[in-house]
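Residue-level listing of the chains:
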Amino acid sequence: MTERATVLVAHTSSVAQTQALAEALAPVVGPGDLLLLAGDLGAGKTAFAQGLGAGLGVTEPITSPTFTLVQEYEGRLRVHHLDVYRIDHLDEALELGLAELLDDGGVALIEWGDAILPVLPADYLEVRLTFGDGDDDRIIALRRVGASWGARRDALARAIAPWYLAGPGEPAPC
Ligand SMILES: Nc1ncnc2c1ncn2[C@@H]1O[C@H](COP(=O)(O)OP(=O)(O)OP(=O)(O)O)[C@@H](O)[C@H]1O
Ligand SMILES: [Mg+2]
């Protein structure tokens, strides 16, 4: 499969838009799902987690879990919000017990999750945020990894349609 076939790309121009995009993805997310949030410092990983949490019915403010590694929020689904920026060794990542976390029917969002790929399950959605031209521009690439996400291309495309960034000469996704 080509890269283009597994990746949907969106563009936002404010933190509110990134949160709204993430919130719109909530209906596509189900129990046991893993979302890996990738991108440099300040790219908007926590903002994305806040939006998705809101979409999943979390009313408590979602903050950066940097010093605690894992925070849990109750919503329509339980949300496990992790930040593995400070993890130096994969052993520490294994100790997080990710498989068990996902077994409880919740959703896991892992900031800097691309740093611990070897200990991640085979199915996840990679959300990669990169800086765009203006201070508040972000490019958000959603890459589906594994069969469970592979089957959700159209649902994801519909959810992000307002922010979809078509490639050169490419039609809208749906
Ligand atoms: N389009 C945008 N999407 C997301 N955040 C934006 C956008 N435009 C500006 N921002 C700002 O960028 C910052 C993103 O911060 P956030 O904490 O979400 O980043 P992060 O990727 O989680 O960083 P860290 O690596 O430190 O955890 C916020 O200050 C937010 O207001
Ligand atoms: Mg963060």
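Residues numbered from 1 in each chain as written. Chains lettered and ligands numbered in written order. Predicted model: local features only at pLDDT ≥ 70, side-chain atom pairs only at ≥ 80, totals over all residues.

1. Some words on the overall build of the chain
(1) Moving on: Within the chain one finds 7 helices and 7 strands.
(2) Moving on: For 174 residues, the compact-globule estimate of 2.2 N^0.38 gives 16 Å, and the chain sits close to it at 15 Å.
(3) Moving on: Overall, the C-alpha framework of the chain stretches about 45 × 35 × 30 Å when taken along its three principal axes.
(4) Moving on: Excluding contacts between residues fewer than 6 apart, the proportion of contacts in the chain whose partners are at least 24 apart in sequence is 65%. (Helix = DSSP H or I, 4+ residues; strand = E, 2+ residues; numbered from the N terminus. Rg over C-alpha atoms; globule rule 2.2 N^0.38 Å. Contact = placed C-beta atoms within 7 Å.)

2. Brief notes about the packing of helix 2 (residues 15-25) against helix 3 (residues 45-55)
(1) Moving on: Running from N to C, helix 2 and helix 3 cross one another at 45°; their axes reach a closest spacing of 7 Å. On the basis of the axis angle, helix 2 is oblique to helix 3. Crossing geometry of helix 2 relative to helix 3 is assigned as right-handed. Together, Val 15, Thr 18, Gln 19, Ala 20, Leu 21, Ala 22, Glu 23, Ala 24 and Leu 25 of helix 2 and Ala 47, Phe 48, Gln 50, Gly 51, Leu 52, Ala 54 and Gly 55 of helix 3 make up the contact between the two elements. (Axes fitted to C-alpha atoms, helices over the stretch in contact; angles between N-to-C directions. Parallel < 35°, antiparallel > 145°, perpendicular 65-115°, else oblique. Left-handed = near helix turned anticlockwise from the far one by under 90°.)

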